[in-house]
Amino acid sequence: MLIKENENSKMVRQMVKDFAEKEIRPKMMEWDEAQIFPIELFKKLGNLGLMGVIVPQEYGGSGMGYYEYITVVSEISKVCGSIGLSVAAHNSLCTGHILYHGSEEQKRKYLPKLATAEFIGAWGLTETGTGSDAGGMATTATRDGDFYVINGSKNFITHAISGDVAVVIVRTGEKGDSHGMSAFIIEKGTPGFMSGKKENKLGMRASETAELIFNNCRVHKDQLIGKEGDGFIQAMKILDGGRISIGALGLGIAQGAFDAAVKYSKEREQFGKPISQFQGIAFKLADMATKIKAAELLLLEAGYKKNEHLKMTVEGAMAKYYTSEIAVQVATEAVQIFGGYGYTKDFPVEKFYRDAKLCTIGEGTSEIQKLVISREILK
């Protein structure tokens, strides 16, 4: 497989890079410290077409592919992982679920608003006590004529407070039954649908994370995505593509930490010369660069298969697993290269260090990715 960056990807890369330097870098620490979710920033991203990267133009999106999508998320994450995470969650989870599994009416109703960031999207699968055991979810939807009555809660949901619309997977059958779950589109303001506790996080602090709560929330049957019982299968397919999102996030964080470390190593002098000239530092940088390149190639292969509509379960899991791990490793080494300064908020690597860890936890841990990979190769 030969991967060559096309002119469109180059233009997208430069556009996103310029935007991130102008609109994100100056305020990212302010947002981080105060846990501010900068909604107006996402409106600007929507105006640039970056909140609907893979949405076809007929639905108001940019109509681009996964190479461009990887570029968008990784370039933003080189500057701020929080913003990269929110862009990824909006594009691949909520928007992606409606794009790939929604009816034509649902697509035309919601995708134009999501693609332009008129609506911010949330996606709810995880619950307190179940984590990755989605089959054990307690949130239920009971049929009542033309409506479903939903009760329960979801936690660790990106944009749970600021989101205008959420795609939520709930139980409509028995626990543990993969055909006992269904997906619904629920708009903000629906009676019985509210947000709960906002999490005070180690990293990714400008990406809003909170609870979704349902108290006798009545949702019309027209808001059901696909057929009753299809929700879990849909969610697993969405998470396949979601692994590319987290891979791009991890790649960007790793590259951002690496770039900062290289720059600092050339400027910081000890014993009369830049520390980059000491073998101990130079070898660290060589290891970091090699891991980043390997991660990028894994990610691009997954993107290639997604673009070609080929099965990419293994490739996506490998890319997510490896990029997440090396993001943590590279950020850790970057802090080491900065030394004591790397432990302060005056320099960028402490934020990369905090943000990177989520990649090995959110959207499925590295252990789960290894389980996915092993199951596929042992078939």
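Provided above is the structure to which this section pertains.
Residues numbered from 1 in each chain as written. Predicted model: local features only at pLDDT ≥ 70, side-chain atom pairs only at ≥ 80, totals over all residues. Heavy atoms only, no water.

Caption draft 1: The overall build of the protein chain, seen in detail. The helix and strand tally for the protein chain stands at 11 helices and 10 strands. For 379 residues, the compact-globule estimate of 2.2 N^0.38 gives 21 Å, and the protein chain sits close to it at 21 Å. With respect to the principal axes defined by its C-alpha atoms, the protein chain has extents near 80 × 45 × 40 Å. For the protein chain, the proportion of its 379 residues judged to be buried stands at 55%. (Helix = DSSP H or I, 4+ residues; strand = E, 2+ residues; numbered from the N terminus. Rg over C-alpha atoms; globule rule 2.2 N^0.38 Å. Buried < 20%, exposed > 50% of the residue type's maximum accessible area, 1.4 Å probe, protein only.)

Caption draft 2: The arrangement of the pairing of strand S7 (residues 209–220) in detail. In the sheet, strand S3 (residues 147–158) pairs with S7 via nine bridges, with the strands oriented antiparallel. When the bridges of S7 are listed, Ile157 appears paired with Ala210. As paired elements, strand S6 (residues 193–198) and S7 share four bridges and run antiparallel to each other. Bridge pairing in S7 links Ser195 to Leu212. (Pairing = 2+ DSSP bridges.)

Caption draft 3: Looking closely at the environment of Val372. Note that Val372 resides in helix H11 (residues 366–377). As for Val372 and Gly242, which are separated by 130 residues in sequence, their C-alpha atoms are 14 Å apart. For Val372, the contacting residues outside a window of four places in its chain are Arg243, Thr313 and Ala317. (Contact = heavy atoms within 4.5 Å.)

Caption draft 4: Here's a closer look at the pairing of strand S4 (residues 165–171). Across the seven residues that make up S4, a large majority, seven, are buried. Neither face of S4 is open: one carries Val165, Val167, Ile169 and Arg171, the other Ala166, Val168 and Val170, and all of them are buried. As judged from the four bridges shared by strand S1 (residues 121–124) and S4, these two strands associate in the parallel manner. Counted as the bridge partner of Trp123 is Val167 from S4. Relative to strand S5 (residues 181–187), S4 is paired through seven bridges, and the arrangement is antiparallel.

Caption draft 5: Here's a closer look at the side chain of Lys351. Residue placement: Lys351 occurs in helix H10 (residues 349–356). According to the relative accessible area criterion, Lys351 is buried, its value standing at 3%. Once residues within four sequence positions are removed from consideration, Lys351 is found in contact with Met28, Met29, Asp32, Cys80, Gly81 and Ser82.

Caption draft 6: Structural context of the layout of surface pockets. Its volume calculated, the second largest pocket comes out at about 450 Å³. The wall of the second largest pocket is formed by 22 residues, among which Tyr66, Tyr100, Lys306, Asn307 and His309 lie closest to the centre. Listed by contribution, the elements that provide at least two residues to the lining of the second largest pocket are helix H5 (81–101), helix H7 (231–267) and helix H8 (279–307). Considering every element that reaches the lining of the second largest pocket, the biggest residue donor is H7, with five residues. Its residues assigned to classes, the lining of the second largest pocket shows nine nonpolar, eight polar and five charged. (1 Å grid on protein atoms, 1.4 Å probe; cavity = no way out; pocket = protein on both sides within 12 Å on 5 of 7 lines; lining within 4 Å. Points joined across faces, edges and corners; volume = space filled by probe spheres on them. Nonpolar A, V, L, I, M, F, W, Y, C, P; charged D, E, K, R; others polar.)

Caption draft 7: Structural context of the packing of aromatic side chains. Scanning the entire structure with this criterion turns up nine aromatic pairs. Pairwise contacts between aromatic rings join Tyr264, Phe338, Tyr341 and Phe347 into one cluster. Lying over the aromatic face of Phe147, Arg218 brings its terminal NZ or CZ to 4.8 Å of the ring centre. Taking the ring centre of Tyr100 as reference, the NZ or CZ of Lys306 above it sits at 5.0 Å. (Phe/Tyr/Trp six-rings, centres within 6.5 Å; stacked < 30°, edge-to-face > 60°. Lys NZ or Arg CZ within 6 Å of the ring centre and 35° of its normal.)

Caption draft 8: Up close: the nonpolar core. Counting residues in hydrophobic clusters, the biggest one holds 95 residues, and the most contacted among them are Ile24, Leu45, Ile83 and Trp123. A per-element tally of this core places H7 first, with 16 residues. For Leu45, the residues in contact, after removing those within four places along its chain, are Phe19, Leu50, Met51, Ile76, Ile83 and Val87. Counting 18 residues, the second-largest nonpolar core is a separate cluster that includes Ala122, Tyr148, Ala160 and Cys217. (Core = buried A, V, L, I, M, F, W, Y, C linked by side-chain atoms within 4.5 Å.)

Caption draft 9: Fine view of the environment of Ala302. Assignment of secondary structure puts Ala302 in helix H8. Sequence separation of Ala302 and Tyr66 is 236 residues, and the distance between their C-alpha atoms is 8.9 Å. Excluding residues within four positions of it along the chain, Ala302 makes contact with Ile244, Met312, Glu315, Gly316 and Ala319.

Caption draft 10: Just the packing of helix H4 (residues 66–79) against H7, in detail. For the pair H4 and H7, interaxial distance at closest approach is 7 Å and the crossing angle is 40 degrees. With respect to H7, the axis of H4 lies oblique. For the pair H4 and H7, the crossing hand works out as right-handed. Residue-level inspection shows Tyr66, Tyr69, Ile70, Val73, Ser74, Ser77 and Lys78 of H4 in contact with H7, the latter providing Ile244, Ser245, Ala248, Leu249, Leu251, Gly252, Ile253, Gln255 and Gly256. (Axes fitted to C-alpha atoms, helices over the stretch in contact; angles between N-to-C directions. Parallel < 35°, antiparallel > 145°, perpendicular 65-115°, else oblique. Left-handed = near helix turned anticlockwise from the far one by under 90°.)

Caption draft 11: A look at the environment of Thr360. Following the sequence through the fold, Thr360 ends up in the loop between H10 and H11. By relative accessible area, which is 8% here, Thr360 ends up buried. Separated by 201 residues in sequence, Thr360 and His159 have C-alpha atoms that sit 20 Å apart. Sequence-distant contacts of Thr360, defined by excluding residues within four places in its chain, comprise Lys320, Ser324, Glu325, Val328, Thr365 and Ser366. For Thr360, the side chain forms a polar contact with the main-chain oxygen of Lys357, separated by 2.9 Å. (Polar contact = N/O pair within 3.5 Å; in protein donor to acceptor, adjacent residues only side chain to side chain.)

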